[in-house]
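Coordinates in review
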Amino acid sequence: MTKYYGISPKLLNIAEKADKKIAPLLDSVSSLAAYNQLKVLQAFHAEGLRAEDLFGTTGYGYHDRGREKTDNIFARIFGGETALVRWQFVSGTHAISTAILSNCKPKDIIAVLGRPYDTLRLLLEDSEKCASALAELGVKVYHLIPDNWPVNPKWVAQKIPKNTNLLFLQRSRGYSQQPSLSIKKIKEIIKECKRRLPSLLIMVDNCYGEFVEEKEPGDVGADFIAGSLIKNPGGSLVPTGGYIAGRKECVKKASERLLAPGLGENLGATLGFTRSILHGLFLAPQIVGEAVKGSMFSAAFWEDMGYKVFPKWKERRTDIIQGVILGSREKAIAFSKGIQMAGPVDSVVQPEGWKMPGYKDEIIMAGGTFIQGGSLELSCDAPFRQPYIVYLQGGISAAHSRLGCILAAKELEAIKAPV
Ligand SMILES: *Cc1c(COP(=O)(O)O)cnc(C)c1O
């Protein structure tokens with residue numbers, strides 16, 4: 001296989017060194033996956049899932065038992081009273097912004113910790129060109145940008161304005177250098193903030209975080225959370241969709257915003273999607289485990305290749321993202337080319353940077369994935385901005401992530417030594 005891909009003994013050697021480094025840590029990831037597997041299975045058992053629940057409904061989708069059970073299963077797993085799991089959410093951004101928009105009204109204050117993910121900036125951040133969508137609705141957005149990370153929970157509690165209605169936290173680093181928020185940190189922030197402001201609502205963007213720890217934000221006091229089904233909880237199988245889970249009144253408002261006032265959670269045909277949503281959820285803990293193992297390998301490998309990485313291979317993780325600082329546009333392109341070459345689909349395609357809707361900078365993405373943009377599958381994203389960081393994520397199997405890294409390294413070597 002090394003011959004087939006033209007991998008040099010030097011690269012192979014670095015890969016083997018990385019294998020050895022991370023080997024002692026892999027057992028703990030397997031145990032985590034096993035724990036979360038049982039948590040998921042228990043939720044299926046508690047809801048008494050039946051074969052006929054998987055078929056789905058058409059038209060209005062009244063009395064769809066499979067949809068109701070899916071919502072309940074998600075609620076159990078993500079620590080909420082209820083959940084809204086729908087393929088009608090077109091993306092994670094759609095689910096998250098539905099959750100935010102439905103839970104605030106004019107004159108409210110939303111506090112946002114750190115910089116939100118790129119696609120949420122039009123909703124949350126003002127720019128030279130336009131006011132944020134929330135500001136236009138008369139909702140005040142207050143940004144809390146700490147001087148240094150990791151953030152001190154007491155600082156957050158002191159800094160949020162006294163009449164804040166909603167605090168928005170993002171678990172994963174997204175595509176930025178600010179570190180991810182561990183469940184422990186989220187718990188402390190929630191505790192400190194609620195002590196000072198008991199009626200404050202706290203929402204967590206859970207994208208990329210599901211099943212990376214034993215607990216979820218809902219287990220430690222978040223009022224509602226949201227995420228994407230083409231990331232972790234979809235187990236790489238779900239073709240599209242998103243979810244919101246949390247307190248009844250918050251999720252109900254979101255369901256009425258997604259559909260129409262008065263319709264809420266009782267409508268929405270599932271067509272044939274229930275099967276893949278639950279099949280994917282069932283696989284998710286295992287596949288997230290593979291992705292985490294792949295990220296650990298990647299951290300060790302790229303560090304040995306001479307690049308700065310975050311997090312480091314030994315660090316505890318709360319998401320599946322691995323950042324590698326490449327330093328130039330040319331390298332970001334070469335790296336993405338290598339990842340694309342490793343994909344099971346479209347491996348012959350050469351990725352290019354483009355102005356993707358919702359993203360401020362040009363961005364290059366690689367993903368020879370079965371689901372378009374599915375990022376629990378091996379994929380990488382590199383916004384074209386200094387210092388040219390590539391964010392690598394996913395991998396249905398750790399072996400695939402490993403090959404992806406090696407092929408990316410081969411492409412990088414090719415630009416260093418042009419023939
Ligand atoms: C991916 C992501 C989103 C948005 O999800 P899409 O499905 O790409 O719209 C939001 N927040 C974070 C932290 C993400 O990683």
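As the structure is a computational prediction, the values presented were derived from the model and not from experiment.

Across its full length, the chain carries 12 helices and 12 strands. The C-alpha atoms of the chain give 21 Å as radius of gyration, which agrees with the globular expectation for 419 residues (22 Å, within 12%). Each principal axis of the C-alpha atoms in the chain carries an extent, and together these give about 65 × 50 × 40 Å. For the chain, contacts bridging at least 24 residues in sequence account for 70% of all contacts bridging at least 6. With the model as given, the accessible surface of the chain reaches about 18400 Å², and the carbon-plus-sulfur share is 55%. The centroid of the 53 positive side-chain charges in the chain is displaced by 4 Å from the centroid of its 43 negative side-chain charges.

Strand order in this open sheet of five strands is S8-S9-S12-S11-S10, and the pairing throughout is antiparallel. Both outer strands of the open sheet, strand S8 (308–310) and strand S10 (363–366), are each paired with one neighbouring strand and no more. In this sheet, neighbouring strand axes are inclined to one another by 20° on average, regardless of whether the strands run parallel or antiparallel. Note: strand S11 (residues 379–383) against strand S12 (residues 389–393), three bridges, orientation antiparallel. When the sheet's bridge partners are listed, Ser-379 is paired in S12 with Gln-393. With respect to the sheet, helix H11 (residues 329–342) is in contact with S10, S11 and S12, its orientation differing from that of S10 by roughly 20°.

As for its position among the elements, Asn-163 is in the loop between helix H7 (153–159) and strand S4 (166–170). Residue Asn-163 is classed as exposed on the basis of its relative accessible area of 53%.

This part is about the site of the ligand. Near the ligand the following residues occur: Ser-91, Gly-92, Thr-93, Ile-96, Tyr-117, Thr-119, Gln-170, Asp-205, Cys-207, Tyr-208, Ser-228 and Lys-231. A total of 380 Å² of accessible area belongs to the ligand in isolation, and the protein chains cover 91% of it. Looking at the shell around the ligand element by element, the count peaks at three residues for helix H4 (residues 92–102). Residues belonging to the shell around the ligand are distributed by class as follows: four nonpolar, six polar and two charged.

On to a positive patch on the surface. A cluster of basic side chains, namely Lys-154, Lys-187, Lys-191 and Lys-215, defines a positive patch on the protein surface. With respect to the helices, strands and loops of the structure, Lys-215 is situated in the loop between strand S5 (201–205) and strand S6 (224–228). Residue classification places Lys-215 among the partly exposed residues on the basis of a relative accessible area of 45%.

Spatial strand order, S1-S7-S6-S5-S4-S2-S3: seven strands in an open sheet with mixed pairing. Of all strands in the sheet, those with a lone pairing partner are strand S1 (82–86) and strand S3 (140–144), marking the two edges. This sheet shows a mean twist of 15° between the axes of neighbouring strands, independent of strand direction.

Our focus in this paragraph is the packing of aromatic side chains. Using the criterion set out here, one finds 16 aromatic pairs in the structure. With 4.8 Å between their ring centres and 85° between their planes, Tyr-4 and Tyr-5 make a pair best called edge-to-face. Tyr-5 sits in the partly exposed class, given a relative accessible area of 27%. Geometrically, the ring pair formed by Tyr-117 and Tyr-175 is tilted, given 5.1 Å between the ring centres and 55° between the ring planes. Within this pair, whereas Tyr-117 is found in the loop between strand S2 (109–113) and helix H5 (121–124), its partner Tyr-175 is found in the loop between S4 and helix H8 (183–196), the two being separated by 58 residues in sequence. Of the two residues, Tyr-117 and Tyr-175, both sit in the buried class. Members of the aromatic cluster, each reached through a chain of ring pairs, are Phe-297, Phe-301, Trp-302, Tyr-307 and Phe-335. Over the aromatic face of Tyr-208 sits the side chain of Lys-231, whose NZ or CZ is 4.1 Å from the ring centroid.

For the rest of this paragraph, the subject is the pattern of salt bridges. Inspection of the entire model under this criterion finds 24 salt bridges. The closest approach of N and O atoms between Glu-188 and Lys-184, which form a salt bridge, is 3.8 Å. In this pair, Glu-188 and Lys-184 are both assigned in helix H8, four residues apart and thus about one turn of the helix distant. A residue is classified by how much of its surface remains accessible, and Lys-184, at 60% relative accessible area, is exposed. For Lys-337, the salt bridge identified is with Glu-411, shortest N-O distance 3.4 Å. A residue pair is termed long-range when its members are at least 10 positions apart, and Lys-337 in helix H11 and Glu-411 in helix H12 (residues 398–416) qualify at 74 residues. Judged by relative accessible area, Lys-337 falls into the partly exposed class, the value being 26%. Within this structure, Lys-194, Asp-223, Arg-247 and Glu-249 form a network of salt bridges that share partners.

Definitions and limits used
Residues numbered from 1 in each chain as written. Predicted model: local features only at pLDDT ≥ 70, side-chain atom pairs only at ≥ 80, totals over all residues. Heavy atoms only, no water. Helix = DSSP H or I, 4+ residues; strand = E, 2+ residues; numbered from the N terminus. Rg over C-alpha atoms; globule rule 2.2 N^0.38 Å. Contact = heavy atoms within 4.5 Å. Areas by Shrake-Rupley, 256 points an atom, 1.4 Å probe, with all protein chains shown as cover. Lys, Arg positive; Asp, Glu negative; His and termini not counted. Charge placed at Lys NZ, Arg CZ, Asp CG, Glu CD. Pairing = 2+ DSSP bridges. Axes fitted to C-alpha atoms, helices over the stretch in contact; angles between N-to-C directions. Buried < 20%, exposed > 50% of the residue type's maximum accessible area, 1.4 Å probe, protein only. Near = heavy atom within 4 Å. Nonpolar A, V, L, I, M, F, W, Y, C, P; charged D, E, K, R; others polar. Patch = residues over 30% accessible without salt bridge, like charges linked within 9 Å, V, L, I, M, F, W, Y side chains within 5 Å. Salt bridge = Lys/Arg side-chain N within 4 Å of Asp/Glu carboxyl O. Phe/Tyr/Trp six-rings, centres within 6.5 Å; stacked < 30°, edge-to-face > 60°. Lys NZ or Arg CZ within 6 Å of the ring centre and 35° of its normal.

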